[in-house]
Every structure is written in structure tokens, then in C-alpha cells.
Amino acid sequence: MDSKKSLSPAQKTIVGVQFLFVAFGATVLVPLLVGLDPSTALFTAGLGTLIFHLVTKGKVPIFLGSSFAFVAPIIKATELYGLPGTMSGLVAVGAVYGLMSALVKWRGIGFIKTLFPPVVIGPVIILIGLSLAGSGVNMAKENWPLALIALLTAILASLLGKGMIKLIPIFCGIIVGYIAGAVFGVIDFEPIVAAPWFAFPQFVKPELSWGAVIFMIPVTIAPIIEHIGDVYAINEVTGKDFVKDPGLHRTMLGDGLACIAAGLIGGPPVTTYSEVTGAISLTKITDPTVIRIAAVTGIVFSVFGKISAFLKSIPPAVLGGIMLLLFGTIAAVGINSLIQNRTNLGDTRNLIIVSLILTFGIGGAAIEFGGFTMAGIGLSALLGVLLNLLLPKGNK
């Protein structure tokens, strides 16, 4: 679908709001877990996404939201160095992205393709989807009837919907799920009534702490590798090569500058959101303008207390039901990447790489060095890179 020609401004706005709904749950959950203001996270997600689009020349349909990779590090760093000190460490995270961007610019795309061939990228994309599946299930199981209502509505809207309905299956699922939640009596409307119309985010000014900087920098490895996987995922979804144009160095720089902006005003680090990539894959709407509308909507929601309170009242089970579909879609994109690149899993070397990436990631393997921990997608992707470089080629 050529969304740039087929969507009116009103349609783009509706779809953009839908994409924000997809990212909303995870974006506000991270600050709730680490003790930051959810409204600030919405603001920094929107601001960071706009910065990213500015750096990438408005070509890449990616949304940046709060990064789960930093939940445990932020909690620990806040205990050790205080919240303002921790924010300085998060600013340093963005600087690491900048250094990696310069390295990619210097060594070129061939350097990235050597480190991240399809046999590594494919299973990493699969893992991005499957590793998030547990979060979706945990949210859905709070109320399976609600989750299934939202999920089935989204599926039916996607398969049977006509016109605008077919373009907004996720939005339909959330609205129908919310109405069902109201009928079931599981939604508390009091916070919406009590919330002020205007409530600006709670910004936090960083204070330089070298301890926090040193503590946070190693954590950056995981989201950087995840960033690369997500860029390749959006390549697969859109059929374009954003690694070449505008360039992986630009996407990394955009992500890094967005992290710096978040750290400077008290928000969690942002990262490329697989959830929204899944929504793009499902709706076939790839126009970056729609993502920028989602970003602006996030900023608007962050300063209107009533809207923020309404969004927070959406039952987690409704969001969980939608995410079950989205996370599975991401995993399917990874499988399709292996197929399209004709990755031969009859080759023992390829089979070993794919198998270990998936088992380490899904199994929850972790490596600890003192206060530094690497686990999940970051560890699995790094393992895949090392195996690809070290295992001899030519064996069957």
C-alpha cells in the first residue's frame, strides 16, 4: 500500500494515534517501574522520535519509546548515585550511540554486514518478537476475556474490515476492549475525573556522576544491537534499505541524540520500538509522517492530565491482547527474513548460530561481571556475532 497517496490527513492522524496506543503501554510502564514520571516518558518518547526523524531525513518509519534494557540499571544506579546522577549516566548512553554511529560511518555498510549477516539478523528479529511475548501474556492474563475481545476485534478488523476500519485494527481492538472493560466494571473512572486538565511533566535536571556514567555505559551494548535488529526489521516490513539510505550511522545517531535529550530532562532512555514496527507490518502503512503524528500526539498527551489519565485507565489486559498479535508479527518478520535471504539451515554452521541465539535469548541466559549484567536480546545477538566471526565456514 502506498500510504502517502492513499491516506488523507485525517486518516493519517487516526492511524498515528493508533500507533501511539500501541507504544503507550510499554512507554509508560518503564518509568512506573523505575520511579520516573510517566508523562515525562511520553514527552521524551515524542521528542526523541522527532529528533530521530530529523536526523534520518524523515525517511525511516520508526517510533522511539522507553527502553526496557535500562530498567534494572536505573533502579540500581538510583540507589547508588541518586536520580540526578543516574540521568548523567543516561546522557552518556546517548554519547556511546554517537561513537558507534561514527564507527559505522567510517567503516561503512560492509562492516555491519560482516558483523550482522542474515543468519544473525533473522533469529535476532525472531527473538525480539518472542522475548516480548511473555510481557504480552502477563498483561493479557490479568483478564483473559478482555484480552481475547481486544485480540479478536483486531484480527476481524484486519481480515474483514473495509475502508478506514481495515486501516485501524489495533485502534478498533483497544476501543472495543475498553468498552467491554467498562461493561465488566473493571475500569476505575475516578482518576480521570480527579485529574487536572493541564499537568506538565516532572522534569529532572542531571548532575554529573562519573560513577553513574561508568555504570551505565556497558549497558548500551544490548540496545545498540537491538537497534540494528529493529532497523533490519523495518527494512523487511517496508521493502526498503534504510541501512543504505539514510544510513545506519544516521539511525544510530538519531537514537543517541534522543537518549541524550531524554537524560537531560529526566526521562528514561528511548529505543526503537518493535511494537510499532509490528503495527506497521500489520496495517501496511509505512509513511513516516504517521509516526511523526504519533510522536506529536505523545507530547500533547503528556501535558493534558485528563488524556493521560484516560490512557492510563485502559485495562492492561486489553493492551496485552493487542500485543500478542504484534509480537508474533515481529517474529514472523524474522522468519521471513531467513526465507527471503535463502539462509540454508541444512548448513551445520548456520543451524548452530540460529539455535544458540534463540535458546540463549528465550532461555533467559545472563552473564554478570561485578555490577554489569548482559542478558536477553543483547547477549544473544552478541553471541550470534561472535559465532559468525569465529565458526569456520564450509562445513555441512
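Residues numbered from 1 in each chain as written. Predicted model: local features only at pLDDT ≥ 70, side-chain atom pairs only at ≥ 80, totals over all residues. Heavy atoms only, no water.

Once that is clear, we can look at empty space enclosed by the protein. Counting across every chain of the model gives one cavity of 30 Å³ or more. Quantified by volume, the largest cavity comes out at close to 60 Å³. Lining the largest cavity are Gly-25, Ala-26, Leu-29, Phe-68, Leu-132, Ser-135, Met-139, Glu-275, Met-323 and Phe-327. Put simply, the parts of the chain that give the lining of the largest cavity at least two residues each are helix H2 (9-34), helix H6 (118-140) and helix H17 (316-340). For the lining of the largest cavity, the residue count by class is seven nonpolar, two polar and one charged. (1 Å grid on protein atoms, 1.4 Å probe; cavity = no way out; pocket = protein on both sides within 12 Å on 5 of 7 lines; lining within 4 Å. Points joined across faces, edges and corners; volume = space filled by probe spheres on them. Helix = DSSP H or I, 4+ residues; strand = E, 2+ residues; numbered from the N terminus. Nonpolar A, V, L, I, M, F, W, Y, C, P; charged D, E, K, R; others polar.)

Another aspect to go through is the packing of aromatic side chains. Summed over the entire model, instances satisfying the criterion amount to four aromatic pairs. A centroid spacing of 5.5 Å and a plane angle of 65 degrees characterise the contact between Phe-43 and Phe-203, whose relative ring orientation is edge-to-face. Separated by 160 residues along the polypeptide, Phe-43 in helix H3 (residues 38-55) and Phe-203 in the loop between helix H10 (190-194) and helix H11 (210-216) bring together distant segments of the chain. For Phe-203, a relative accessible area of 46% gives the class partly exposed. On the basis of an interplanar angle of 45 degrees and a centroid distance of 4.9 Å, the ring pair of Phe-198 and Phe-304 is categorised as tilted. Here the residue Phe-198 occupies a position in the loop between H10 and H11, and Phe-304 occupies one in the loop between helix H15 (288-303) and helix H16 (305-312), the gap between them amounting to 106 residues. Residue class for Phe-198 comes out exposed when judged on its relative accessible area of 56%. Seen from the ring of Trp-106, Arg-107 lies directly overhead, with NZ or CZ sitting 5.7 Å from the centre. The ring of Trp-197 carries the charged tip of Lys-306 above its face, separated from the ring centre by 5.4 Å. (Phe/Tyr/Trp six-rings, centres within 6.5 Å; stacked < 30°, edge-to-face > 60°. Buried < 20%, exposed > 50% of the residue type's maximum accessible area, 1.4 Å probe, protein only. Lys NZ or Arg CZ within 6 Å of the ring centre and 35° of its normal.)

In this section: the nonpolar core. If you look at the biggest cluster of nonpolar residues, it comprises 107 residues, and the most contacted ones within it are Phe-19, Phe-63 and Phe-116. The element that contributes the greatest number of residues to this core is H2, accounting for twelve residues. Not counting the four nearest positions on each side in its chain, Phe-63 is found in contact with Leu-20, Ala-23, Thr-27, Ala-45, Thr-49, Thr-271, Thr-272, Tyr-273, Val-276, Ile-291, Ala-294 and Ala-295. (Core = buried A, V, L, I, M, F, W, Y, C linked by side-chain atoms within 4.5 Å. Contact = heavy atoms within 4.5 Å.)

Spanning 18 residues, H3 covers 25 Å between terminal C-alpha atoms, matching the ideal 26 Å at 1.5 Å per step. Of all 18 residues in H3, 14 are buried, a share of seventy percent or more. In the segment just after H3, Lys-57 is the residue with positive phi, at about 60 degrees. (Expected span 1.5 Å × (residues − 1).)

Worth remembering: the numbers are spatial, not functional.
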